[in-house]
Amino acid sequence: MELASVRAKSSRNGHRPESLTDHLVATCTAACQLQRRVGMLPGLDDSLGRLFWAAVKLAALTHDGGKIPTGFQDMLTGRIRVWGERHEVLSLGFLPSLIHNPDLLLWVATAVATHHRPLHGEPGRDLMGLYGGCDVAELRQRIGPIPPQIILELEEWFRDTAQAADLPVAGPSKAPLDTDTLLETAHDLLGRVLEQWEERVRPDRGLAAVLLQGAVTLADHLSSAHEWLSLTQPLNDSFRTLLDQRFVEQGKVLRPHQVRAETQLGHLLLRAPTGSGKTEAVLLWAATQVTDLAQETGGVPRVFFVLPYLSSINAMADRLEDLFQAPGTVGVAHSKAASYHLAASIAPEDGDETDQDNNPCRVDAATKAISRAAATKLFRESVRVATPYQLLRAALAGPAHSGILIDAANSVFVLDELHVYDPRRLGCILASARLWEDLGGRIAVVSATLPDVMSDLFADTLTRPVRLVDAKGFDPPSRHRLRTRDHHLTDPAALAEIRSRLVQDESVLVVANNVAQALEMFEELAPDVEERHGEGSALLLHSRFRRGDRNGIEQNIRARFGAGLPKRYPGLLVATQCVEVSLDLDFDVLLTAAAPLEALLQRFGRVNRLAKRLPADVIVHRPCWTTRRNAPGAEFADGIYPREPVETAWQLLVAHADTVVDESNATDWLNHIYATAWGVAWREEVRDYCATFTHRLLTFRRPFDSRSELTAVFDELFDGTEAILAQDRDAYADALAQTPGQPKAGRLLADEYLIPMPHWAGRLSGYDKKLQVRIIEGDYDPHVGLRAVRGPAQSTYQPGEVL
């Protein structure tokens, strides 16, 4: 057997078997590419600082050397099913003869040992549990036969390849490496690595360790997937020219606050009303930071737009790709990213993707969508639009998540809509922003109505100056006239007012605080609307629809009530708070239940959106207070929102009823709300969560301990769960079977049957192990959604949940 015939990968996913040396060269090449992209890292542990990228490339070159045993090769070729040992342990045996610098040796060994498994904290999987009590004799027996000639050839290949890459390795050793020496040095070095990381370490050392692990695992994943990293950044020193050209075509010029934003170096607070061009302003700021960071670090800074909702993420991604005029340059990073790419892949213009009936071929489109989403997971694009959840997962570290951290180093972050997060989530985001700053990042917070408490929290969290740019001199158009009603939204008087608006052939938006009230009002109003205006003129939107049904409903809503349509149509949309965060809509009038002011402002924004009409009525109804079994003594608006912020907002609205309002009013009102005792307590809660998240998860005092138990906590924090109806089980199974050999593509097609559920509702479902999906028994209608889940339901609202 010769080295050239040794494999690293078996044939899979359409790829041919890959030789060990080809894979190792590809991984080292990916590490070099990553260095070119990230550049010089700030504030690393002294023993690693100047050696960081050398350690990454040496670990990338040698990480899979332990795949040469006969047992491992037999597993790849199918002669045996499972080898059962960890190849990274044997890989360590090659390092001492190559690396004589003791600090560099230990860092490279650490990266090699941890590129698949934790060192401690996960019994049955961590390397301490698997090999901590193992002596050399047992290790020899477990590893099995190793061809001696391959050991010699691979050691020589490692040295020659490293020297050709100008990596710091020693010359040929006097004694050739044999099987016994390889096993003994592997055993000894593993023991040193386990001992080194057994106790808590300094935060700077722990952070350096996680960055090193992230760089090596990311390079490994890139080479295994035959992917690459983009080394171009469209937001660069030529972006201003591109934007100027686009503005000339549109007959516009840059506004003063956009020019001021472009000149700022460092962190930014941007407060600019809707319609003032705040997106263009923050893009100009980002381009300035990219240029400066590139000169400072020698890298290609990434730009992250961090938004809370999938719909706004998808819209921003489309907007940026259109602006850059370069398809494929913007990555979408959220839990439904593949669904976003699927929708794009089956667009009508993709005429080459059709079946025998000339319909868009969903199977081919799904395969492409999975591929594109997978590329973003490997951080290919230099501009990404993401939920904070995707970036916060870096706190989980380990082989699966540490790559997020190295990719975030020396990057630019734009945080939008921070006001929508509850204290726990906001605290986690602020803590992460401090870490991004420590890693060389520049951060902007953008808002149309940024209250002082938000800007104070942001500035207090970061250590470097934060500069404020606002849109002084921009006079926002008057879009809304505030009205209040001294009865609840479900009161007969409210229903009568809605009917009178509909009779005047207006487009009417009704927003309830919970699904039950939305269903009740829709069923009361819809028949008369459709009798007057035709089928499809009354629509209902909430979160408890099948994904496929909701996509169709949203398309119908956009077609009838979308902003900028050449013709306006009368009709009715009854919705819950999910309308606040999705869809670019424009109604004649809003009638809404009372809610926190931030939520109401989002609802107002769906009325007279383009300010092309006289100020339109936004009508807020008196809140109704109820209690919850799990919160004795507390009261909530419609069982959803805590009383204090809603009641304070209601009093402000009543005091300003029958006046024209704009976003400058909103900022003052928010400052008033957050100055109350409730607001002071809210601020302290955010700070406490920020400190707790930093202490527990972002100090990395035990960088190679397993953090698997925290994954469920993250999922509960930022995601709910999903289920299919029992009646859809066969259709779901059929969709999975549409793509033999490509299970991810099949699952993407099957996802249209999924219904979002709050996290607490998981107990109301059963789990189908074969289909790997939760199943519920429920009453469902494609037009009104999930009415009820049969079982001991307990509808407890979770803060931040979109109903």
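What counts, and at which threshold
Residues numbered from 1 in each chain as written. Predicted model: local features only at pLDDT ≥ 70, side-chain atom pairs only at ≥ 80, totals over all residues. Heavy atoms only, no water. Core = buried A, V, L, I, M, F, W, Y, C linked by side-chain atoms within 4.5 Å. Buried < 20%, exposed > 50% of the residue type's maximum accessible area, 1.4 Å probe, protein only. Helix = DSSP H or I, 4+ residues; strand = E, 2+ residues; numbered from the N terminus. Contact = heavy atoms within 4.5 Å. Pairing = 2+ DSSP bridges. pLDDT = per-residue confidence, 0-100. Expected span 1.5 Å × (residues − 1). Arc of directions from axis to C-beta. Polar contact = N/O pair within 3.5 Å; in protein donor to acceptor, adjacent residues only side chain to side chain. Phe/Tyr/Trp six-rings, centres within 6.5 Å; stacked < 30°, edge-to-face > 60°.

(A) The nonpolar core, seen in detail. Ranked by size, the top nonpolar core spans 198 residues in total, and within it F52, I406 and L573 carry the most contacts. Ranked by residues supplied to this core, first place goes to helix α11 (residues 203-225) with eleven residues. Setting aside its immediate chain neighbours within four residues, F52 contacts L41, L44, A208, L211, L212, A215 and I406.

(B) Expanded view of unusual backbone geometry. Here the phi dihedral of E417 falls at roughly 60°; this positive angle occurs in a residue that is not glycine. Checked against the element boundaries, E417 lands in the loop between β7 (412-416) and α20 (423-438). One non-glycine residue, A611, lies in positive phi territory at about 55°. Positionally, A611 belongs in the loop between α25 (597-604) and β15 (616-621).

(C) Representation of the pairing of β15 in the model. Buried residues dominate β15, accounting for six of its six residues. Every second residue of β15 is oriented toward a common face, with A616, V618 and V620 on one face and D617, I619 and H621 on the other, all of them buried. Pairing of strand β10 (residues 480-485) with β15, which is carried by six bridges, proceeds in the parallel orientation. The residue bridging H480 from the neighbouring strand is A616, located in β15. One ladder, built from four bridges, connects strand β14 (residues 589-593) with β15; its direction is parallel. Bridge pairing links A593 to H621 in β15.

(D) A look at the confidence of the model for the chain. Overall, the predicted model of the chain reaches an average pLDDT of 88, with 90% of residues at or above 70. This stretch, residues 792-803, has a pLDDT under 50; its non-local contacts, to residues over four places away or in other chains, come to 38 contacts.

(E) Examining helix α10 (residues 179-196) more closely. With 18 residues, α10 should cover 26 Å at 1.5 Å per step; its first-to-last C-alpha distance of 26 Å lies within 8% of that length. Among the residues of α10, L182, L183, A186, L189, L190, V193 and L194 are the ones counted as buried. Taken end-on, α10 shows its buried residues confined to a sector of 140°, consistent with a single buried face. The inward-facing, buried residues of α10 abut α4 (87-91), α5 (95-98), α6 (102-113), α7 (127-131), α8 (136-143) and α9 (148-164).

(F) Quick look at the side chain of S230. Topologically, S230 is positioned in the loop between α11 and α12 (239-250). Engagement of the side chain of S230 in a polar contact is seen with the side chain of T232, the distance being 3.3 Å. Among residues more than four places away in sequence, those in contact with S230 are R37, R380, E381 and S382.

(G) Molecular detail of the packing of aromatic side chains. In the structure shown here, the tally under the stated rule is twelve aromatic pairs. Seen in terms of ring centroids, F239 and F324 are 6.4 Å apart; in terms of plane orientation they differ by 80°. Their pairing is edge-to-face. With F239 in helix α12 and F324 in helix α15 (residues 310-324), the pair connects residues that are 85 residues apart, well separated along the chain. Ring centres of F304 and F413 lie 5.1 Å apart, and the angle between their planes is 10°; this geometry places the pair in the stacked category. Of the two residues, F304 sits in strand β4 (residues 303-306) while F413 sits in strand β7, which places them 109 residues apart along the sequence. No difference in accessibility class separates F304 from F413, as the two residues are buried.

(H) Main features of α20. End to end, α20 covers 23 Å across 16 residues, agreeing with the expected 22 Å (1.5 Å per residue, within 8%). Burial runs high along α20: 13 of the 16 residues are buried. Among the residues trailing α20, G440 stands out with phi positive, at a value near 90°.

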